[in-house]
Amino acid sequence: MITNIQSELKDTLLEIIDLNKYFSIRSNIIDILRFKTPKKIKVIDNINLKLCKGEILVVAGESGSGKTTLAKLIMRSIQSDSGKIIFDDRDITNIKGKELLKLRSGIQMIFQDPYSSLDPRMKIFDIIKEPLEVHKKKISKKELIDCVNFALKKVNLDPDEVSSKYPHMLSGGQRQRVSFARALVIKPTLIIADEPVSMLDVSIRFQILDLMKKLKDEENVSFLYITHDLSTSQYVGDNIIIIYRGQIIEQGNIHEVLSHPLHPYTKALISAIPQFNDFQEIKIKNEIESSSNCGCKFLNKCLYSSEECKNSEPTLIEANRSHFIRCYNYESI
Ligand SMILES: Nc1ncnc2c1ncn2[C@@H]1O[C@H](COP(=O)(O)OP(=O)(O)OP(=O)(O)O)[C@@H](O)[C@H]1O
Ligand SMILES: [Mg+2]
């Protein structure tokens, strides 16, 4: 099991143990007629992680690496094939019905697109009060108004100004604040924010990231912040995991990983960011990803691979304290 300094000092809120998820690739008509079993691809590959109370854990990786799938597995909107998800000391891997509904008041999700994630026919007040009606059935009308106003103020929106508006009357940044208020209103301990700023103007991005920091400090909310933008991740994150094809390839304290990346993939991602351009440029090969079952998943793209990388898959090892890496040759790159 992977631990780091922070998780030794703080309480663990979320722990994922050996999590795996496969998706079936839809068969063509001939395969169906021949009763051929559909092919499966492993989208989440033996993921282990810990997120502590009051921590912002960044999950970064290229498109299709499995970030959203990981979020859906934690939210339990899809079921894992194996592994365990422990939230607040409870095994939530297989919970159903009322227990699952209760879990959703502890974990909330914010989506990438603030334009489609809010119901255009509902006023802002009704959008924010909805989770309260679902999760807190005995709440009085006065309490309900107070909770909605509190959530709106927390995200720096004026209740008198926005409550009676519809989503189309707000800017993108204001809409994303409404998404945060909606998540916040039932006082979750964990918010999974899946690319919450990628559709927003650069000037507004930092306002939303500041909001995440504020909620972490004032409300002790933990965040799983999913992004492919490493340049903003350092601004809010405490720890980071880098995912490549469903596998954690590097993990650790965010400042340590971004200032001393060890995996060639992380190095290539970082050297492509203008703010980090004092890094030596690391290139990756423009090849199709390896479909082999043995060996490193990054093999075909790596310029530094050795015989060992072809024959067996590297495991995640601790290179330095609180810095983990999945690469045989990281010391020589
Ligand atoms: N329901 C599904 N059925 C089959 N394959 C799926 C399904 N959902 C996701 N996938 C596949 O799983 C892989 C991971 O998808 P996922 O959406 O988790 O990636 P991501 O890292 O969030 O990408 P992005 O940065 O583009 O949002 C992709 O190859 C995708 O095609
Ligand atoms: Mg995604």
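Residues numbered from 1 in each chain as written. Chains lettered and ligands numbered in written order. Predicted model: local features only at pLDDT ≥ 70, side-chain atom pairs only at ≥ 80, totals over all residues. Heavy atoms only, no water.

Topic: the domain arrangement of the protein chain
- When cut into domains, the protein chain gives domain 1 (5-28 + 39-259) and domain 2 (264-333).
- Taking only C-alpha atoms into account, the centre of domain 1 sits 28 Å from that of domain 2.
- On the side of domain 2, 22 residues touch domain 1, which itself brings 24 residues to the contact.
- Inspection of the region where domain 1 meets domain 2 yields one salt bridge.
- With a closest N to O distance of 3.0 Å, Asp 45 and Lys 297 form a salt bridge.
- Our count for the domain 1 to domain 2 interface comes out at 11 residue pairs in polar contact (both at pLDDT 80 or more).
- If you list the elements that add at least two residues to the side of domain 1 that touches domain 2, you get helix H1 (5-9), strand E2 (39-52), helix H10 (230-236), strand E9 (239-244), strand E10 (247-253) and helix H11 (254-259).
- Element by element, the count of residues in the side of domain 1 that touches domain 2 is highest for E10, at seven residues.
- In terms of residue class, the side of domain 1 that touches domain 2 is built from nine nonpolar, eight polar and seven charged. (Domains from an automatic or database assignment. Contact = heavy atoms within 4.5 Å. Salt bridge = Lys/Arg side-chain N within 4 Å of Asp/Glu carboxyl O. Polar contact = N/O pair within 3.5 Å; in protein donor to acceptor, adjacent residues only side chain to side chain. Helix = DSSP H or I, 4+ residues; strand = E, 2+ residues; numbered from the N terminus. Nonpolar A, V, L, I, M, F, W, Y, C, P; charged D, E, K, R; others polar.)

A closer look at the sheet that holds strand E11 (residues 317-320)
- Spatially, the eight strands line up as an open sheet ordered E6-E7-E8-E3-E9-E10-E12-E11, and their pairing is mixed. Each edge of the open sheet carries a strand with a single partner, namely strand E6 (107-110) and E11. Strand-to-strand twist across the sheet, computed as the mean angle between neighbouring axes with direction ignored, equals 20 degrees.
- For E10 and strand E12 (residues 323-325), the ladder comprises three bridges, and the chain directions are antiparallel. Considered in E12, the bridge of Gln 251 is made with Phe 324.
- The sheet strands contacting helix H3 (residues 67-75) are strand E3 (56-60), E6, strand E7 (190-194), strand E8 (222-227) and E9, and the helix crosses E6 at an angle near 150 degrees.
- Taken strand by strand, helix H12 (residues 264-271) contacts E9 and E10, and its axis lies near 110 degrees from that of E9. (Pairing = 2+ DSSP bridges. Axes fitted to C-alpha atoms, helices over the stretch in contact; angles between N-to-C directions.)

A word on the layout of surface pockets
- Estimates place the volume of the second largest pocket at around 390 Å³.
- Residue lining of the second largest pocket: 18 residues in total, with Met 75, Gln 108, Met 109, Phe 111 and Arg 182 positioned closest to the centre.
- Sort the elements by how many residues they give to the lining of the second largest pocket and E6 lands first, with four residues.
- Tallied by class, residues from the lining of the second largest pocket come to 11 nonpolar, five polar and two charged. (1 Å grid on protein atoms, 1.4 Å probe; cavity = no way out; pocket = protein on both sides within 12 Å on 5 of 7 lines; lining within 4 Å. Points joined across faces, edges and corners; volume = space filled by probe spheres on them.)

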